[in-house]
Amino acid sequence: MWAKTSFFLASFCLLYGLVVFGPVSPGLWLVLTTELLGACNAGIGFNICHDALHGAFSANKRVNQVFSLLFNLVGANSYVWNLTHNVVHHTYTNIPGHDEDIEVAPGLIRLSPEELWRPWQRYQHLYALPLYGLASLSWLFRKDYVKFCQAQIGAHVSHHLRREYVNLFGYKALYYLLFIALPLAVVPLPWGQVLLGFLVLHLVEGVVMGLVFQLAHVVEGTTFSTPRRQRHDAGRLGRAPAADHGQLRAPQRAGQLLLWGAEPPD
């Protein structure tokens, strides 16, 4: 755990330093460095923050709390993610209308057979991957604010402590400073190219996180249920609502992430 944590955090610092403060060399090198930073951000999210928010990073609760805060430095809010993932997703896994993880792009990407099928979803294998790339941008500019302000997330009624308001807006402001304002101020490139690099970073981050997190929902052996059927599906049938990442072979399963739900129901 500490080895991969050291690797990702050291890589993050190195890549961020190269992109923002390093010698500017427009072309493939700068694009590659920005893409690697996006992939590194995703790696921090699901290798460090995910485990910390599950209390699995360390036996020490305080250590888990500290490392979970790194989520705020890759664009997401750790508190909101804990509500939508730990509380709602793991309580109502793969249940439409409750599990936020299967609501990737409502009306465009269909993951659950319970969802209404629309004709254009037959082609979602063509446009799903770019939409996954927008996921981290959505977290950064929209989703966290929307979910935080909702009175209810799924079946969970939200009651936020005052400090969470400060944390949400404070950490978002810090992220905007580090990844938008500071690069625009110090990188000697036209502002359009700087913002394009920011977009590339998040497209890569969104695709990587989508391929890792969403893949567990759409492989063989998973079920899509309703609140009433959930206990029966997970208990009597012995089928998990979502798969363990250790059971997945990404190169062979990635197509399912794009094609699942594309066909109309029988």
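Keep in mind it's a predicted model, so treat the numbers as computed, not measured.

1. Section: the overall build of the chain
- Within the chain, the secondary structure is distributed over 10 helices and 2 strands.
- When the helices and strands of the chain are listed from N to C terminus, the series reads α-α-α-α-α-α-β-β-α-α-α-α.
- Relative to its full complement of 266 residues, the chain shows a buried share of 45%.
- The long-range share in the chain, meaning contacts at least 24 apart out of those at least 6 apart in sequence, stands at 69%.
- As displayed, the chain offers around 13700 Å² of accessible surface, 65% of which is attributable to carbon and sulfur atoms.

2. Section: empty space enclosed by the protein
- All told, the structure shown has 2 cavities of 30 Å³ or more when counted by the stated rule.
- Considering the residues around the largest cavity, the lining is formed by Asn72, Gly75, Ala76, Asn77, Leu140, Asn167, Leu168, Tyr171, Lys172 and Tyr175.
- Considering each element in turn, the lining of the largest cavity owes the most residues, 5 residues, to helix α7 (residues 162-186).
- Considering only residue class, the lining of the largest cavity consists of 5 nonpolar, 4 polar and 1 charged.

3. A few points about a nonpolar patch on the surface
- Together, Leu14, Leu18, Trp29, Leu32 and Leu36 make up a nonpolar patch on the protein surface, roughly 470 Å² of accessible area in all.
- Those elements giving two or more residues to the nonpolar patch turn out to be α1 (2-21) and α2 (28-53).
- At 3 residues, the largest contribution of residues to the nonpolar patch is made by α2.
- Residue placement: Trp29 occurs in helix α2.

4. What about the side chain of His50?
- Along the chain, His50 falls in helix α2.
- For His50, a relative accessible area of 16% corresponds to the buried category.
- Here His50 is in contact with Gly45, Trp81, His85 and Phe213, once residues within four sequence places are set aside.

5. A look at the layout of surface pockets
- What the largest pocket holds in volume is close to 620 Å³.
- Secondary-structure elements contributing two or more residues to the lining of the largest pocket are α4 (78-89), α5 (124-133), α6 (135-149) and α8 (191-213).
- Element by element, the count of residues in the lining of the largest pocket is highest for α6, at 8 residues.

6. Quick notes on helix α3 (residues 61-68)
- When α3 is considered as a whole, its buried residues turn out to be Asn64, Phe67 and Ser68. Looking straight down α3, one finds its buried side chains confined to an arc of 105 degrees; they lie on one side.
- Those residues of α3 that are buried are in contact with α1, α2 and α4.
- For α3, the side-chain oxygen to backbone nitrogen distance between the N-cap and Arg62 is 2.8 Å, and the N-cap itself is Asn60.

7. Quick word on the pattern of salt bridges
- Within this structure, the stated rule accounts for 3 salt bridges.
- Lys172 is paired through a salt bridge with Asp144; the nearest N and O atoms lie 2.8 Å apart. You can see Lys172 sitting in helix α7 and its partner Asp144 sitting in helix α6, a full 28 residues away along the chain. Each member of the pair Lys172 and Asp144 is classed as buried.

8. A few points about the packing of aromatic side chains
- Within this structure, the stated rule accounts for 16 aromatic pairs.
- With a centroid separation of 6.1 Å and 15 degrees between ring planes, the pair formed by Phe12 and Tyr16 is classed as stacked. On the criterion of helical spacing, the pair formed by Phe12 and Tyr16 is a turn pair, its members being 4 residues apart in helix α1. Like Phe12, the residue Tyr16 is buried in the burial classification.

9. A few points about the nonpolar core
- Ranked by internal contacts, the top residues of the largest apolar core, which has 31 residues, are Leu37, Ile44, Ile48, Phe71, Phe179 and Phe198.
- Judged by nonpolar contacts, the second largest core, of 7 residues, contains Val80, Leu83, Val88 and Phe148.

10. Brief notes about the packing of α2 against α8
- With their axes 7 Å apart at the nearest point, α2 and α8 run at an angle of 40 degrees to one another. In terms of orientation, α2 lies oblique with respect to α8. The two elements α2 and α8 meet at a crossing, and its hand is right-handed. Here α2 contributes Thr34, Glu35, Leu37, Gly38, Ala39, Asn41, Ala42, Gly45, Phe46 and His50 to the contact with α8, which in turn contributes Gly197, Val200, Leu201, Val204, Glu205, Val208, Met209, Val212 and Phe213.

Conventions adopted
- Residues numbered from 1 in each chain as written.
- Predicted model: local features only at pLDDT ≥ 70, side-chain atom pairs only at ≥ 80, totals over all residues.
- Heavy atoms only, no water.
- Helix = DSSP H or I, 4+ residues; strand = E, 2+ residues; numbered from the N terminus.
- Buried < 20%, exposed > 50% of the residue type's maximum accessible area, 1.4 Å probe, protein only.
- Contact = heavy atoms within 4.5 Å.
- Areas by Shrake-Rupley, 256 points an atom, 1.4 Å probe, with all protein chains shown as cover.
- 1 Å grid on protein atoms, 1.4 Å probe; cavity = no way out; pocket = protein on both sides within 12 Å on 5 of 7 lines; lining within 4 Å.
- Points joined across faces, edges and corners; volume = space filled by probe spheres on them.
- Nonpolar A, V, L, I, M, F, W, Y, C, P; charged D, E, K, R; others polar.
- Patch = residues over 30% accessible without salt bridge, like charges linked within 9 Å, V, L, I, M, F, W, Y side chains within 5 Å.
- Salt bridge = Lys/Arg side-chain N within 4 Å of Asp/Glu carboxyl O.
- Arc of directions from axis to C-beta.
- Polar contact = N/O pair within 3.5 Å; in protein donor to acceptor, adjacent residues only side chain to side chain.
- Phe/Tyr/Trp six-rings, centres within 6.5 Å; stacked < 30°, edge-to-face > 60°.
- Core = buried A, V, L, I, M, F, W, Y, C linked by side-chain atoms within 4.5 Å.
- Axes fitted to C-alpha atoms, helices over the stretch in contact; angles between N-to-C directions.
- Parallel < 35°, antiparallel > 145°, perpendicular 65-115°, else oblique.
- Left-handed = near helix turned anticlockwise from the far one by under 90°.

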